[in-house]
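A closer look at the structure
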Amino acid sequence: MRNQLYLLLLSVFMLITLNKSVHILAQNYITFEKQKHTHGDMQPMEQPLSAIQIHKTILALTKFASIHVQGPKILGSKGEDFEWVKINLRNANPTDDDWVGVFSPAKFNESICVPVTKDEKKYGAPFFCTAPLKFKYANYQNANYTKTGRTSLKFRLINQRGDFSFAFFSGGVSNPKLISISNYVAFANPKAPLYPRLALGKSWDIMTVTWTSGYNIDEAIPFVEWGWKGQEQKRSPAGTLTFHRNSMCGTPARSVGWRDPGFIHTSFLKDLWPNMEYTYKLGHMLNSGSIVWSKQYSFKSPPFPGQESLQRIVIFGDMGKQERDGSNEYANYQPGSLMTTDTLVKDLDNIDAVFLIGDLPYANGYLSQWDQFTAQVEPIASRVPFMIASGNHERTWENSGSLYNGLDSGGECGVPAETLYYVPAENRAKFWYAADYGMFHFCIGDTEHDWREGSEQYKFIEQCFASANRHKQPWLIFAAHRVLGYSSNEWYAKEGSFEEPMGREHLQKLWQKYKVDMAFFGHVHNYERVCPIYQNQCVNKETSHYSGVVNGTIHVVVGGGGAHLNRFTTINTTWSLFKDYDYGFVKLTAFDQSNLLFEYKKSKDGKVYDSFTISRDYKDVLACVHDGCEPTTLAS
């Protein structure tokens with residue numbers, strides 16, 4: 001009865017809406033599938049959802065088509081964070097362009113349409129102004145659909161703080177016609193605390209826990225219950241943040257891509273003992289006094305800075321997100337994302353921390369995709385510190401304070417990334433920070449803000465390098481998103497720079513002066529290792545083992561986390577030691593203060609395809625090298 005009434009209301013609204021100049025609106029609406037990615041990928045950077053011209057939707061409800069969710073209306077009745085649902089379709093006039101969109105909240109036509117163009121203000125907002133969470137063509141895995149007009153689809157739904165409905169369209173994604181709407185389904189507790197993300201704090205003995213829920217502070221008090229495994233637990237409070245449509249800088253984040261992000265909570269677990277196994281769970285105390293609990297999770301606390309033990313760090317960039325049910329990927333844009341995720345999960349007992357150096361979900365202004373991403377990496381981020389850097393697809397937007405003028409973030413301008421993920425920065429809108437893990441000292445840069453000499457970030461980078469106690473923390477690592485070092489990527493070669501313009505010219509003297517061991521970059525979607533280098537010249541002829549004085553920084557591009565791959569130039573770059581056009585990540589293993597193992601592993605099998613070792617004594621870090629020491633001393 002409820003669905004019949006809803007369909008009747010939709011039909012009435014259709015008659016009213018169609019009298020307006022919706023088609024004129026369609027021609028003037030900002031469509032992001034036509035936008036070109038600015039300097040970085042040199043090709044269209046489409047978010048799969050941007051193919052759907054949802055604002056052009058025409059209501060064409062018909063009794064000759066139907067869509068129905070098979071099974072229970074309530075999902076996650078046993079506390080599950082996700083469920084598979086089966087959708088049954090029927091269409092008397094089937095075509096290969098028929099498709100199904102997943103919408104949440106279920107009453108998708110009730111979203112507020114915010115006018116963003118002069119024509120919209122003149123003629124009124126379109127009927128639909130909310131993109132689906134995901135979509136799939138009706139003939140997916142069923143070639144007989146156009147003959148029979150009947151088929152079934154399976155979708156994997158995650159708990160996203162709202163109920164769900166499925167909309168059946170004809171006309172393709174460019175000119176969609178809504179022909180049927182399904183019954184509703186919902187999770188048992190759509191507001192449940194979900195998807196914890198661990199991160200290192202501003203000191204080694206703090207672990208931060210960030211998670212997402214549907215509870216604001218007037219409904220429930222957020223906290224974390226935690227302690228040594230098997231011992232008495234204690235509680236730590238959490239702060240609560242969110243952001244709004246007007247926090248976004250442009251469309252689609254302010255328009256069809258907007259979805260309420262819920263509430264983001266962060267708790268600081270302090271005074272940790274080193275190398276201890278802790279358990280924790282998320283809690284929300286309701287006004288009634290009852291508590292809504294998450295599952296129980298665990299982590300191992302970091303070692304004391306400088307402590308000698310086995311310490312293993314994973315680094316990569318440009319991960320993206322991928323749907324396990326096969327939806328959305330009409331462009332097959334992020335085909336390696338789940339491979340990387342699953343390979344890391346399998347080896348998680350041998351990983352102590354992960355650094356994802358920019359370009360996380362490629363949401364590009366479709367906010368629902370951040371939930372999908374946090375759910376995808378939850379098996380990793382809930383167990384080990386999951387540290388991130390800011391990439392162009394998180395931050396870059398015209399006239400928003402970005403170093404680059406482009407549309408890469410889809411109007412997000414850094415807000416979702418800095419709110420959903422904690423980093424130990426002084427100002428999370430400026431994504432540069434230092435992090436310690438045992439014998440490692442990390443300096444993470446933000447390439448979307450000015451790094452050049454004299455800038456605020458440049459001063460931070462130098463201070464971060466200078467603060468490293470190389471006796472206790474010998475392994476000094478720099479990482480940032482865009483390539484500020486060296487890359488044999490095709491588009492850099494065409495520019496003749498083999499780097500991000502103005503990149504290494506400003507930073508190489510800092511890398512040299514402070515004897516930075518390695519510099520990691522993403523942005524270019526492949527793998528490349530460069531010799532120890534300074535001012536375009538290799539300063540060490542070795543390729544597989546390095547020892548003695550640190551006379552040059554090793555540069556590594558490790559942007560094969562999952563997004564589509566980038567081609568190498570055919571030019572022979574003499575400083576390049578190893579290239580790989582494939583998906584993968586780097587793993588650093590510190591055995592003690594003198595020995596480090598570097599491994600490049602492919603996502604498809606987790607096997608090592610490139611490696612080297614470093615062995616050295618403390619005196620080797622102190623030794624003078626070209627441009628690495630003061631030109632004069634008191635003795636001279």
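Residues numbered from 1 in each chain as written. Predicted model: local features only at pLDDT ≥ 70, side-chain atom pairs only at ≥ 80, totals over all residues. Heavy atoms only, no water.

1. A closer look at the overall build of the chain
- A tally of regular secondary structure across the chain gives 12 helices and 32 strands.
- The long-range share in the chain, meaning contacts at least 24 apart out of those at least 6 apart in sequence, stands at 73%. (Helix = DSSP H or I, 4+ residues; strand = E, 2+ residues; numbered from the N terminus. Contact = heavy atoms within 4.5 Å.)

2. Observations concerning the pairing of strand E5 (residues 99-103)
- Burial runs high along E5: 5 of the 5 residues are buried.
- Neither face of E5 is open: one carries Trp99, Gly101 and Phe103, the other Val100 and Val102, and all of them are buried.
- Summarising the sheet, E5 and strand E8 (residues 165-170) pair through 5 bridges and their orientation is antiparallel. Following the sheet pairing, tryptophan 99 is matched in E8 by phenylalanine 169. (Buried < 20%, exposed > 50% of the residue type's maximum accessible area, 1.4 Å probe, protein only. Pairing = 2+ DSSP bridges.)

3. Notes on the sheet that holds E5
- Taken together, 5 strands build an open sheet; the order of strands is E1-E9-E8-E5-E6 and the sheet is mixed. Bordering the open sheet on either side are strand E1 (58-59) and strand E6 (134-137), each of which pairs with just one other strand.

4. Re the packing of aromatic side chains
- If you walk through the whole model with that rule in mind, you get 33 aromatic pairs.
- Here the aromatic rings of tryptophan 226 and tyrosine 278 are separated by 5.7 Å at their centres, their planes lie at 45°, and the arrangement is tilted. One end of the pair, tryptophan 226, is in strand E13 (residues 220-228); the other, tyrosine 278, is in strand E16 (residues 277-286), with 52 residues separating them in the sequence.
- By relative accessible area, tyrosine 278 is classed as buried at 2%.
- One residue, arginine 197, lies across the ring of tyrosine 421, its end atom 5.4 Å from the ring centre.
- Stacked on the ring of tyrosine 609, the Lys or Arg lysine 602 has its end atom at 4.6 Å from the ring centre. (Phe/Tyr/Trp six-rings, centres within 6.5 Å; stacked < 30°, edge-to-face > 60°. Lys NZ or Arg CZ within 6 Å of the ring centre and 35° of its normal.)

5. A short note on the sheet that holds strand E20 (residues 386-389)
- As summarised here, the arrangement of the 7 strands in space is E20-E19-E18-E30-E31-E32-E27, forming an open sheet in which the pairing is mixed. Strands at the two margins of the open sheet, each flanked by one partner only, are E20 and strand E27 (545-547). Looking at each pair of strands side by side, their axes are set apart by 15° on average, direction ignored. (Axes fitted to C-alpha atoms, helices over the stretch in contact; angles between N-to-C directions.)

6. A closer look at the pairing of E13
- For E13, the buried fraction is high: 7 of the 9 residues fall into the buried class.
- Direction of pairing for E13 relative to E16: antiparallel, over a ladder of 9 bridges. Paired with tryptophan 226 across the strands is tyrosine 280, a residue of E16.
- Where E13 lies against strand E14 (residues 234-241), 4 bridges are found, and the strand directions are antiparallel. When the bridges of E14 are listed, tryptophan 226 appears paired with lysine 234.
- Hairpin geometry of E13 and E14 is characterised by an intervening segment of 5 residues between the two adjacent antiparallel strands and by a positive phi of about 80° at glycine 230.

7. Looking at the state of the cysteines
- Here the structure, examined in full by the defined rule, presents 4 disulfides.
- Across a sulfur-sulfur distance of 2.1 Å, cysteine 531 and cysteine 538 are joined as a disulfide pair. Torsion about the S-S bond of the cysteine 531 and cysteine 538 cystine: about -85°, corresponding to left-handed handedness.
- Residue class for cysteine 531 comes out buried when judged on its relative accessible area of 1%.
- Residue classification places cysteine 538 among the partly exposed residues on the basis of a relative accessible area of 37%. (Disulfide = S-S within 2.5 Å.)

8. Regarding the nonpolar core
- With 69 residues, the main nonpolar core has Ile315, Phe355, Phe442, Met518, Phe520, Leu588 and Phe598 as its most contacted residues.
- Ignoring anything within four residues of it in the chain, the contact list for phenylalanine 442 reads Ile313, Ile315, Phe355, Tyr433, Ala434, Ala435, Tyr437, Cys464 and Ile477. (Core = buried A, V, L, I, M, F, W, Y, C linked by side-chain atoms within 4.5 Å.)

9. Looking at the packing of helix H5 (residues 337-346) against helix H6 (residues 368-381)
- The geometry of H5 relative to H6 is characterised by a closest axis approach of 9 Å and an angle of 20° between their N-to-C directions. By the criterion of interaxial angle, the relationship of H5 to H6 is roughly parallel. Crossing hand, H5 versus H6: left-handed. Across the interface between the two elements, Ser337, Leu338, Thr341, Leu344 and Val345 from H5 touch Gln376, Pro379 and Ile380 from H6.
- Residue composition of the contact of H5 with H6, by class: 5 nonpolar, 3 polar and no charged. (Parallel < 35°, antiparallel > 145°, perpendicular 65-115°, else oblique. Left-handed = near helix turned anticlockwise from the far one by under 90°. Nonpolar A, V, L, I, M, F, W, Y, C, P; charged D, E, K, R; others polar.)

10. A closer look at the confidence of the model for the chain
- In this model, the chain carries an average pLDDT of 89, and 89% of its residues clear a pLDDT of 70 or more.
- Segment residues 1-44 is flagged for pLDDT under 50; beyond a separation of four residues in sequence, or across chains, it makes 93 contacts in the model. (pLDDT = per-residue confidence, 0-100.)

11. Re the pattern of salt bridges
- Scanning all chains against the criterion turns up 27 salt bridges.
- Between arginine 324 and aspartate 342 there is a salt bridge, with its nearest N and O atoms 2.7 Å apart. Pair noted here: arginine 324 is in the loop between strand E18 (311-316) and H5 and aspartate 342 is in helix H5, with a separation of 18 residues, a long-range link.
- The exposure class assigned to arginine 324 is partly exposed, which follows from its relative accessible area of 40%.
- One salt bridge connects lysine 513 with glutamate 462, and the closest N-O pair in it is separated by 3.5 Å. With lysine 513 in helix H11 (residues 503-513) and glutamate 462 in helix H9 (residues 456-466), this pair connects stretches of sequence that are 51 residues apart.
- The class of lysine 513 is partly exposed, set by a relative accessible area of 33%. (Salt bridge = Lys/Arg side-chain N within 4 Å of Asp/Glu carboxyl O.)

12. Regarding the packing of H9 against H11
- It is the contact of H9 with H11, at a shortest axis distance of 10 Å, that shows an interaxial angle of 10°. It follows from the interaxial angle that H9 and H11 lie roughly parallel. Across the interface between the two elements, Tyr458, Ile461, Glu462 and Phe465 of H9 pack against His506, Leu507, Lys509, Leu510, Trp511 and Lys513 of H11.
- A per-class count over the contact of H9 with H11 returns 6 nonpolar, 1 polar and 3 charged.

13. Focus on unusual backbone geometry
- Cis rather than trans, the peptide bond between serine 104 and proline 105 has omega equal to 0°.
- In this fold, proline 105 is placed in the loop between E5 and helix H3 (118-123).
- Each neighbour pair has its own omega, and for threonine 251 with proline 252 the value is 10°, a cis peptide bond.
- Looking at where proline 252 falls in the secondary structure, it is placed in the loop between E14 and strand E15 (263-269).
- Even without being glycine, tyrosine 195 reaches a positive phi, approximately 55°.
- When you line up the elements, tyrosine 195 lands in strand E11 (residues 194-200).
- A residue is classified by how much of its surface remains accessible, and tyrosine 195, at 4% relative accessible area, is buried.
- Of note, the phi angle at asparagine 364 is positive, near 50°, even though the residue is not glycine.

14. A word on the environment of tyrosine 215
- Inspection of the secondary structure assignment puts tyrosine 215 in the loop between strand E12 (207-213) and E13.
- When the C-alpha positions of tyrosine 215 and alanine 192 are compared, they lie 7.9 Å apart, and in sequence the two are 23 residues distant.
- Not counting residues up to four positions away in its chain, the partners in contact with tyrosine 215 are Asn189, Lys191, Ala192, Ala220, Phe263, His265, His284, Leu286 and Val292.
- A polar atom in the side chain of tyrosine 215 sits 3.5 Å from the side chain of asparagine 189. (Polar contact = N/O pair within 3.5 Å; in protein donor to acceptor, adjacent residues only side chain to side chain.)

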